[in-house]
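# Understanding the architecture of this molecule
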Amino acid sequence: MQEDIISAVLDGKDALALLPTGGGKSLCYQVPALAREGICIVVSPLIALMKDQVEGLKKRGILAAAIYSGMSRRAIVQTLKNVAHGPYKLLYVSPERLETSLFLEYLPALDVNLIAVDEAHCVSQWGYDFRPAYLRIAALREDLPDVPLLALTASATPAVQEDICDKLQLHEPQIFRQSFLRPNLSYSAIEVESRLARLVEILNKVPGSGIVYARSRKRTVEIADLLRMHGHSTEHYHAGLGSEERARRQQDWIDGKTRIIVCTNAFGMGIDKPDVRIVLHADLPDSLEAYYQEAGRAGRDGKRSYAVLLYTKQDLSDLERLHEQRYPTLEQIREVYSAVVNYLQIPSYTGQDQSFTFHYDAFVKAFGLDPHRTLYALKAMEGDGWFDFNERSFAPATVTFTVNKNGLREFQEAHPKEEPLLTTLLRTYAGIFDVPTYISELQVAQLMHLDEEEVKSGLRRAHSFAVLEYVPQNEDPQIVFRRHRVNATDFRINPGPYEARRDAFRARVAQMIAYTCSAECRSVFINRYFGEKDSQPCGICDTCIARRKAPLSADEFAAIRERVTTAVTTAALTIDGLQGQLKDVSREKLFSVLDYLQAESLLQVDEKGFLSTRR
C-alpha cells in the first residue's frame, strides 16, 4: 500500500494511512520528500525516535534535522537556518515546538512540500494516547494551506480515524487501511495461577528472540532475574536507565547477543527487528490498541510467531477499577497543581510559555504525594491545556560549533590539550562543524580510550571557551506551561471533556477485558475492533485451536454437511478446493464429515480427484 499512499501525496492530496506496526510508515513520507523540491515537516512525539530517524537518514546521505523540547535557543536557530538555506529534505519537530514564536518566525523561509504527522492517533481525545499538543498541528495548516498532510498511525478505531480527519482538518482525505490481520501471528490469552512459572515454561518451548512486557520498572528487573536463573540470556529495559545503557541493551538484543528483553512500554517504538518469535505480556495492557502495537512486534519476517497474554482473575478486577486511579477527582488534581507551582516556584500570573525541568521523583517525595495518582493528575491538567508534560523527554547530548575554522585552528594552537577531543569530534561526526549534531559521550570516550566523565569535562571546558555549545543529554521530564499560574482556589478544568475521556477509557478497558475472556477467534475480535467486519477465523490462535479440538456436536455436523453438499454441487472441487472454501472449518472436523459421507455412499471422488454427491 506504500506506493498508493506515496502517489496520493505526490498528487497533493491529504491522506490518512493506517499501517500495522512494521508496515513501513516512514517510507510513505520520506519518498515524497525526496521526490519533490523543498522539505517535509514530520511531527513526531518521541525525541529518541526522531534521533534514530535523523541518524538513519544521514547514513543514507539524506540531510535531516530535528527540533524538540529542551534544545537551546541557539541550537534551534542554527538548525532552522541550516534547513532554510541548505539541501535538507526532512525536519522532525515535536508538537510542542510548532507554535513557538521562534519556529513560526522561520516557517516562511522553509519551502515545505509535505506535513507528515506520525502517531496521528495522539490527536484524538477518544484514542488511547491523547496528547493535547497534537491539537496545535491544525494551526500549522493555516500557515501552509496548500501543503498536503499525511497522517499515519498503526492503530485507530473507526471513531478515532474520524476524529483524526476532523482535528487535523484533512480536506477530502484519501484513507488507506492495510488489513489488521497478521496471518502468521498466533494470539493466546491464558489464565494462570503462577504467572512467572508459566512464563518460563512458554519461553522454554518457543525458541528465538522475544520480548516480555511488564507494567512497572520493578517487575522488569524481577522477571529478568528469574529468567536468567533459568538459563535464558535476558536483560531488563525501562525509562529509568541511562540513555547509553538503554541503547546498549537495545542493540545487544537486536544483534542477538541477548535473547529476551524484559521491558515496560517505553521499549519498542521504531525498532526494526523482523525475527522476534514471541511477545509475551506478563501484565494486562489497558487497551487493545496498545496490545496490538506491542504484540505486533513479533513475526515481521512473516514466519510463525506468538503473542501470549498471561492474566489472573485479580488482573481483570484491577483493570475494571483502573479508571479510579487514571482519572482523579478535581480536588486531587487541584492539590497536585498547587504542589507543582510551589515546587517550581512560579509566581502568580506568570509562567506562560516557559519550560521547566521537572524532577518528578523528587517532587512526589517532597510533597508526600501518591506517584501514580500524581502522574495522572498531571495528564489531566495537560489534557485541559494547562501545560505540556512529557515524562519521557530523553534529549540526547548535542554539540554546536560557535567559531569558524580559522577560530578553531587558533584555539587549538593556544590550547593543545583540547585538540585531541575536538579532532575526534570532527572525524567521528560528519557535518558537526556546520550543524548542531547529536553525539554520544560514551562513543567518543571509547574512541579516545578515556573515561566518559573525562570527555564530558573536556566538552564543558570547550563550552566555557565559547568554541562550541555543549548541551548534555537531558533525561528529566519537561513541563511547558501554556497558561499563567493561578491561585489554587481559581484553578479549574473543563469537566465535560475530562469526563468524556474517562468514559472512553472505560470503554477501551471493557474491550480489552472482553478480548481476554473471549472464546471468539482472537484475530476476528481485533479486526472487528478496528473496523474490519468480515474477516475469517485465523485457525492458529488459542480459541481456534480449542474449537478445532472440541468434539463435533450434532448441530455442527449438520451445518458442515449442508455446506459441503452445497459447495460440491455448485462447482467442481477437489478436497483442497473444498478446504479453501471452508477455511473456518478445522481440517479434523471437515474430514470427519467427509469420512461419514463417503462411508454412507453419499459422496464420491472421481479419478481426477473431484468430489460429487450421489443421488
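Residues numbered from 1 in each chain as written. Predicted model: local features only at pLDDT ≥ 70, side-chain atom pairs only at ≥ 80, totals over all residues. Heavy atoms only, no water.

Under the annotation held in an unreviewed UniProt entry, the chain carries the name ATP-dependent DNA helicase RecQ and is attributed to Flaviaesturariibacter flavus. Looking at the chain in UniProt, the text filed under Sequence similarities (unreviewed entry) is "Belongs to the helicase family. RecQ subfamily." (UniProt positions renumbered as here; feature names shortened; annotations may be inferred.)

Attention shifts here to the overall build of the chain. Of regular secondary structure, the chain possesses 26 helices and 21 strands. For 615 residues, the compact-globule formula gives about 25 Å, and the C-alpha radius of gyration of the chain, at 28 Å, lands near that figure. Dimensions along the principal axes, computed over C-alpha positions, put the chain at roughly 100 × 55 × 55 Å. Out of the 615 residues in the chain, the part that is buried amounts to 54%. If you take every contact in the chain between residues at least 6 apart in sequence, the share linking residues at least 24 apart comes to 75%. Accessible area for the chain stands at about 27900 Å²; split by element, carbon and sulfur atoms hold 49% of it. (Helix = DSSP H or I, 4+ residues; strand = E, 2+ residues; numbered from the N terminus. Rg over C-alpha atoms; globule rule 2.2 N^0.38 Å. Buried < 20%, exposed > 50% of the residue type's maximum accessible area, 1.4 Å probe, protein only. Contact = heavy atoms within 4.5 Å. Areas by Shrake-Rupley, 256 points an atom, 1.4 Å probe, with all protein chains shown as cover.)

Tallied over the full model, the rule gives 0 disulfides. Unpaired in this structure, Cys165 has its nearest cysteine sulfur neighbour in Cys122, at a distance of 15 Å. The thiol of Cys263 is not disulfide-bonded; the next cysteine sulfur, from Cys122, is found 19 Å away. We classify Cys263 as buried; its relative accessible area is 0%. (Disulfide = S-S within 2.5 Å.)

Comment: phi is negative for the bulk of residues other than glycine, and the bulk of peptide bonds are trans. We note that Gln345 has phi near 55°; this positive angle belongs to a residue other than glycine. Locating Gln345 in the fold gives a position in the loop between helix H14 (330-343) and strand E14 (355-357). Of note in this structure, Ala466 is not a glycine but carries a positive phi near 60°. Inspection of the secondary structure puts Ala466 in the loop between helix H20 (452-464) and strand E18 (468-471). Take Ala466: its relative accessible area is 47%, and that puts it in the partly exposed class.

The next thing to look at is the sheet that holds strand E1 (residues 15-18). If you trace the 7 strands from one edge of the open sheet to the other, you get E3-E4-E2-E5-E6-E1-E7, paired in parallel fashion. Since the sheet does not close on itself, it has two edges, and those belong to strand E3 (64-67) and strand E7 (174-177), each with one partner. If you compare each strand with its neighbour and ignore which way they point, the axes differ by 15° on average. With 4 bridges joining them, strand E2 (residues 39-43) and strand E4 (residues 90-93) adopt parallel strand pairing. Across the sheet, Val42 pairs through a bridge with Tyr92, a residue of E4. Relative to the sheet, helix H1 (residues 2-10) contacts E1, strand E5 (112-117), strand E6 (149-153) and E7, its axis offset from that of E7 by approximately 165°. (Pairing = 2+ DSSP bridges. Axes fitted to C-alpha atoms, helices over the stretch in contact; angles between N-to-C directions.)

On to the packing of helix H21 (residues 495-517) against helix H22 (residues 522-529). In the contact formed by H21 and H22, the axes pass within 10 Å of each other and the chain directions differ by 160°. With respect to H22, the element H21 is oriented roughly antiparallel. Our pair here, H21 against H22, has a crossing hand that is right-handed. In this structure, H21 contributes Arg508, Gln511, Ala514, Tyr515 and Thr516 to the contact, and H22 contributes Arg522, Phe525, Ile526 and Tyr529. (Parallel < 35°, antiparallel > 145°, perpendicular 65-115°, else oblique. Left-handed = near helix turned anticlockwise from the far one by under 90°.)

A separate point is helix H12 (residues 313-320). Where H12 is concerned, the buried positions are Asp315, Leu316 and Leu319. Projection of H12 onto a plane perpendicular to its axis shows the buried side chains occupying an angular sector of 100°, all on one side. Facing away from the buried side of H12 by over 90 degrees, the exposed positions are Lys313 and Glu320. Along its buried surface, H12 packs onto helix H8 (195-205), strand E13 (305-311), helix H13 (322-326) and H21. (Arc of directions from axis to C-beta.)

Segmentation of the chain into domains returns domain 1 (1-177), domain 2 (185-311), domain 3 (320-394 + 477-504), domain 4 (398-471) and domain 5 (551-613). Computed over C-alpha atoms, the centres of domain 2 and domain 5 are 42 Å apart. (Domains from an automatic or database assignment.)

So, about the pattern of salt bridges. Evaluated as defined, the whole model comprises 32 salt bridges. Residue Asp388 pairs with Arg482 through a salt bridge whose shortest N-O separation is 2.7 Å. Note that Asp388 is positioned in strand E15 (residues 387-390) and Arg482 in the loop between strand E19 (478-481) and H21, a separation of 94 residues in sequence. Each of the two residues, Asp388 as well as Arg482, counts as buried. The partner of Glu520 in a salt bridge is Arg528, with the nearest N and O atoms 2.7 Å apart. Looking at Glu520, the relative accessible area reads 26%, which means it is partly exposed. (Salt bridge = Lys/Arg side-chain N within 4 Å of Asp/Glu carboxyl O.)

Further remarks concern the packing of H14 against helix H16 (residues 371-383). In contact at an axis separation of 9 Å, H14 and H16 are set at 90° when each is read in the N-to-C sense. Regarding the angle of H14 to H16, the classification is roughly perpendicular. Residue-level contacts link Gln332, Ile333, Val336, Tyr337 and Val340 of H14 to Arg373, Thr374, Ala377, Leu378, Ala380 and Met381 of H16.

Turning to helix H10 (residues 243-254), a few remarks are in order. For H10, with 12 residues, the first-to-last C-alpha span of 16 Å sits near the 16 Å given by 1.5 Å per residue. Those residues of H10 lying buried are Ser243, Glu244, Arg246, Arg249, Gln250, Asp252 and Trp253. As for H10, its buried residues are in contact with strand E9 (209-213), strand E10 (234-237), strand E11 (260-263), strand E12 (276-281), helix H19 (441-448) and H20. (Expected span 1.5 Å × (residues − 1).)

Further remarks concern empty space enclosed by the protein. Applying the stated rule across the entire model yields 3 cavities of 30 Å³ or more. Lining the largest cavity are 15 residues, and of these Ala65, Ala66, Thr79, Pro436 and Tyr438 sit closest to its centre. At the level of secondary structure, the elements contributing two or more residues to the lining of the largest cavity comprise helix H3 (47-59), E3, helix H4 (73-85) and strand E17 (437-438). For the lining of the largest cavity, the leading source of residues is E3, giving 3 residues. Residues of the lining of the largest cavity, tallied by class, amount to 10 nonpolar, 4 polar and 1 charged. Two domains each donate at least three residues to the lining of the largest cavity, and these are domain 1 (1-177) and domain 4 (398-471). (1 Å grid on protein atoms, 1.4 Å probe; cavity = no way out; pocket = protein on both sides within 12 Å on 5 of 7 lines; lining within 4 Å. Points joined across faces, edges and corners; volume = space filled by probe spheres on them. Nonpolar A, V, L, I, M, F, W, Y, C, P; charged D, E, K, R; others polar.)

What follows deals with the side chain of Thr157. Residue position: Thr157 is located in the loop between E6 and helix H7 (158-167). If we ignore the near neighbours within four places in the chain, the residues touching Thr157 are Glu289, Tyr529 and Phe530.

Attention shifts here to the sheet that holds E10. Spatial strand order, E8-E13-E12-E9-E11-E10: 6 strands in an open sheet with parallel pairing. Looking along the sheet, the strands with just one partner apiece sit at the ends: strand E8 (185-191) and E10. Neighbour to neighbour, the strand axes of the sheet diverge by 15° on average, direction disregarded. In the sheet, E12 pairs with E13 via 4 bridges, with the strands oriented parallel. Bridged to Val279 within E13 is Ala307. Contacts from H10 reach E9, E10, E11 and E12 within the one sheet, and its direction differs from that of E10 by about 140°.

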